[in-house]
Amino acid sequence: MKQRRFTFIHMLTAVLAGILATLLVLWLLLGSQSVSLLTAWGAVRTRFVGEYDPDTAMDSALRGMVAGLGDRWSYYLNAEESAYQREREDNRYVGIGVTAGKEDERGLFLLQVYSGGPAEEAGLKVGEVITAVDGVSAAGETGQESALEAIKGEEGTEVTLTVMDAAGRFREVQVTRRAIQGQLVRYELLDTDVGYVAVSNFYTDCAQQFRSAVDDLVEQGAVGLVFDMRNNGGGYVHELTDMLDYLLPEGPIFRSQDVMGLEEVIQSDENYVNLPMATLVNRDTYSAAEIFAAQLQESAGAAIVGEETSGKGYSQQPVYLPNGGELHLSTGKYTTGAGVSLVGTGVSLDARVELTEEESLALWTGQLGHEEDAQLQKALELLK
């Protein structure tokens, strides 16, 4: 009996020693803050008497930690948000092919209906409101959130939507969910023989679609190019630099610097598109979209028209967490090829042109005609 008791005491001592050693290593490597966080979480798990959801508590802790950095560009995504983000970055998802907002309390307001998608084929139109999904009301904030979730589903399955048109008439529409390829680039040759190219983001396949669009416009005889980067939230650096390299003459087109101060400079080759260019921007032009406009201005004298941009100059890298979430931290600074930072200032406008609130909404929903688009018209004027 004494031998067993002696062995147990030794085992307990070894376990405690291991725990203390682990805490000491954490203290030395990560500082007292990490030990405090672990201690607090341990106290919650072992001593808190109330009911709680561990995932929700941890999500809140991680969001609070990021908020404490004071960096508007760093952020935390939980497991569900992370899955949505990866889907968005792939520019492919299973759905019905719409962008819906919460502007109307009666349901989901259709901001965009993608060309060739299931929703368009079923007759849905921009400006209509989805008031119910599979018979469940989409009214109010809670109803809208539930409706957005209910519209999602497996490829090949059907969803029944109750839709209200602009005249207030209701109809039921059955839509079959399927894989949607994001429409990243829209383009056309305007009556002035200027090519118009609108880019929605800089994620997967953007550069390829962009080059194809510009090639087609050049073949059609475009005498100039206007690139619409309004409402573009940015994306991948390699997509951005591929596009800049394609458009611009030889020289530096992007600089980045990591936390150790190591700098990388990306160069454009000697091949380029020799046409006058201009870029449209607004308050929702972020990140890669800002640098695109600034670098075209710097390397090719391309005019920038519109409103002041967000002023972003830090790149984020994801840290994938065991709970399925992602911590996106600002881990690098970036500038134009000449070293110009946009942090806090945004791009340098050649012509400031404001849109009204109604015009901005029409632009977002694809309902602002070219003739009514004051920013586009000013860019065309400058190209002359």
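Below you will find a few notes about this structure. Sequence order sets the numbering: in each chain, residues are counted from 1 along the sequence as written. Local features in this predicted model are restricted to residues whose pLDDT is 70 or higher, and side-chain atom pairs enter the listing and the counts only when it is 80 or higher, whereas totals over whole chains, interfaces and linings include all residues. Processing note: side-chain calculations cover all non-hydrogen atoms of the structure and skip hydrogens and water entirely.

Concerning helix α7 (residues 206-219)
Over its 14 residues, α7 runs 20 Å from end to end, which matches the ideal 20 Å to within 8%, given 1.5 Å per residue. Cys-206, Ala-207, Phe-210, Ala-213, Val-214 and Leu-217 are the residues of α7 that are buried. In a view along the axis of α7, the buried residues occupy a sector of 125 degrees, so they form one face of it. Away from the buried face of α7 by more than 90 degrees, exposed residues Gln-208 and Glu-219 are located. The secondary structure elements touched by the buried residues of α7 are β10 (185-189), β11 (194-199), β12 (224-228), α8 (237-247) and α9 (287-300). In DSSP terms, a helix is any run of H or I states spanning at least four residues, a strand is any run of E spanning at least two, and both are numbered starting from the N terminus. An expected span of 1.5 Å times one less than the residue number is assigned to each helix. Exposure is judged per residue with a 1.4 Å probe applied to protein chains only, and the accessible area is read against the type maximum: over 50% gives exposed, under 20% gives buried, and values in between give partly exposed. In this context, the arc is that of the directions from the helix axis out to the C-beta atoms. Here, residues are in contact when the closest pair of their heavy atoms is within 4.5 Å.

A look at the layout of surface pockets
Both cavities and pockets are sets of points on a 1 Å grid over the protein atoms alone; in a cavity a 1.4 Å probe fits but cannot get out, in a pocket the set is open with protein on both sides within 12 Å along at least five of seven lines, and lining residues sit with an atom within 4 Å of a point. Grid points are joined across faces, edges and corners, and a volume is the space filled by probe spheres set on the points. By volume, the second largest pocket amounts to about 1200 Å³. Residue lining of the second largest pocket: 45 residues in total, with Tyr-75, Gln-85, Tyr-203, Gln-316 and His-328 positioned closest to the centre. Those elements that provide at least two residues to the lining of the second largest pocket are β1 (75-77), α4 (79-90), α8, β13 (251-258), β14 (263-268), α9, β17 (314-320) and β18 (326-335). Considering every element that reaches the lining of the second largest pocket, the biggest residue donor is α4, with seven residues.

A short note on helix α6 (residues 140-151)
In a regular helix each residue adds 1.5 Å, so 12 residues correspond to 16 Å; α6 covers 16 Å between its end C-alpha atoms and thus fits that length. Residues of α6 that are buried include every one of Gly-143, Gln-144, Ala-147 and Ile-151, and no others. The buried side chains of α6 occupy one side of the element, clustering within an arc of 100 degrees when seen end-on. Exposed and facing more than 90 degrees away from the buried side of α6 are Glu-141 and Thr-142.

Observations concerning the packing of α8 against α9
To obtain each axis, a line is fitted to C-alpha atoms, and for helices this fit is confined to the stretch in contact; angles are then taken between N-to-C directions over 0 to 180 degrees. Interhelical geometry of α8 versus α9 gives an angle of 20 degrees and a closest axis separation of 10 Å. As judged from the angle between their axes, α8 and α9 are roughly parallel. Once α8 is placed against α9, the crossing between them reads as right-handed. Contact residues: α8 offers Leu-240, Met-243, Leu-244 and Leu-247, while α9 offers Ala-288, Ile-291, Phe-292, Gln-295 and Leu-296. Three residue categories are used. Nonpolar comprises Ala, Val, Leu, Ile, Met, Phe, Trp, Tyr, Cys and Pro, charged comprises Asp, Glu, Lys and Arg, and polar comprises the others, including Gly. Each residue belonging to the contact of α8 with α9 can be placed in one class, and the counts come to eight nonpolar, one polar and no charged. If an angle is under 35 degrees, it is roughly parallel; if it is over 145, roughly antiparallel; if it lies from 65 to 115, roughly perpendicular; otherwise it is oblique. Left-handed is the label given to a crossing in which the near helix is rotated counterclockwise from the far helix by less than a right angle, and right-handed is the label when the rotation is clockwise.

Observations concerning the nonpolar core
Joining through side-chain atoms within 4.5 Å is the link that ties buried Ala, Val, Leu, Ile, Met, Phe, Trp, Tyr and Cys residues into a set, and such a set is a nonpolar core. Counting residues in hydrophobic clusters, the biggest one holds 38 residues, and the most contacted among them are Phe-202, Phe-210, Phe-227, Leu-247, Phe-292 and Leu-296. Counting only elements with at least two residues in this core, the list comes to β11, α7, β12, α8, β13, β15 (277-281) and α9. Formed by 17 residues, the second largest nonpolar core is a distinct cluster that contains Ile-96, Val-98, Val-113 and Ala-119.

Topic: the packing of aromatic side chains
Only the six-membered ring of Trp is used, alongside the rings of Phe and Tyr, when aromatic pairs are assigned; centres must lie within 6.5 Å, and planes under 30 degrees apart are stacked while those over 60 apart are edge-to-face, with the rest tilted. If you walk through the whole model with that rule in mind, you get nine aromatic pairs. Arranged with centres 5.1 Å apart and planes meeting at 80 degrees, the rings of Tyr-203 and Tyr-236 form a pair that is edge-to-face. You can see Tyr-203 sitting in the loop between β11 and α7 and its partner Tyr-236 sitting in the loop between β12 and α8, a full 33 residues away along the chain. What makes Tyr-203 buried here is its relative accessible area of 8%. The exposure class of Tyr-236 is partly exposed, given its relative accessible area of 24%. A connected cluster of aromatic rings, assembled from ring pairs, spans Phe-202, Phe-210, Phe-227, Tyr-246 and Phe-292.

Details of the environment of Glu-154
If you trace the backbone, Glu-154 turns up in the loop between α6 and β7 (158-164). Judged by its relative accessible area of 63%, Glu-154 is exposed. Spatially, the C-alpha atoms of Glu-154 and Leu-244 are 37 Å apart, while their sequence positions differ by 90 residues. Among residues more than four places away in sequence, those in contact with Glu-154 are Val-94 and Arg-177.

Considerations on a nonpolar patch on the surface
Patch rule: a residue counts if its relative accessible area is over 30% and it has no salt bridge; like charges are joined within 9 Å, and nonpolar side chains (Val, Leu, Ile, Met, Phe, Trp, Tyr) within 5 Å. Using a 1.4 Å probe, accessible areas were evaluated by the Shrake-Rupley method; residue-level cover was limited to the displayed protein chains. A carboxyl oxygen of Asp or Glu within 4 Å of a side-chain nitrogen of Lys or Arg is what we treat as a salt bridge. Taken together, the side chains of Val-259, Met-260 and Leu-262 make up a nonpolar region of the molecular surface, amounting to roughly 400 Å² of accessible area. Mapped onto the elements of the fold, Val-259 is located in the loop between β13 and β14.

Points about the pairing of strand β8 (residues 170-176)
The criterion for strand pairing is that DSSP finds at least two bridges linking the strands in question. Where β7 meets β8, seven bridges bridge the pair, whose relative direction is antiparallel. Looking at the pairing, Val-163 lines up with Arg-171 of β8. What sits between the antiparallel neighbours β7 and β8 is a turn of five residues, in which Gly-168 has the positive phi angle 85 degrees.

Re the pattern of salt bridges
Here the structure, examined in full by the defined rule, presents 13 salt bridges. Residue Arg-352 pairs with Glu-354 through a salt bridge whose shortest N-O separation is 3.9 Å. What makes Glu-354 partly exposed here is its relative accessible area of 39%. The salt bridge partner of Glu-381 is Lys-378, with a shortest N-O separation of 3.3 Å. Taken together, the residues Glu-381 and Lys-378, both in helix α11 (residues 374-383) and three residues apart, mark about one turn of the helix.

Notes on the sheet that holds β11
With respect to topology, six strands assemble into an open sheet ordered β10-β11-β12-β15-β16-β19, the strand pairing being mixed. Looking along the sheet, the strands with just one partner apiece sit at the ends: β10 and β19 (351-352). Here β11 runs beside β12; their pairing, made up of five bridges, is parallel. The residue of β12 that forms the bridge with Tyr-196 is Val-226. Strands in contact with α9 are β12, β15 and β16 (303-306); relative to β15, the strand with the most contacts, it is inclined by about 155 degrees. Lying on the sheet, α11 is in contact with β11, β12, β15, β16 and β19; it crosses β15 at an angle near 160 degrees.

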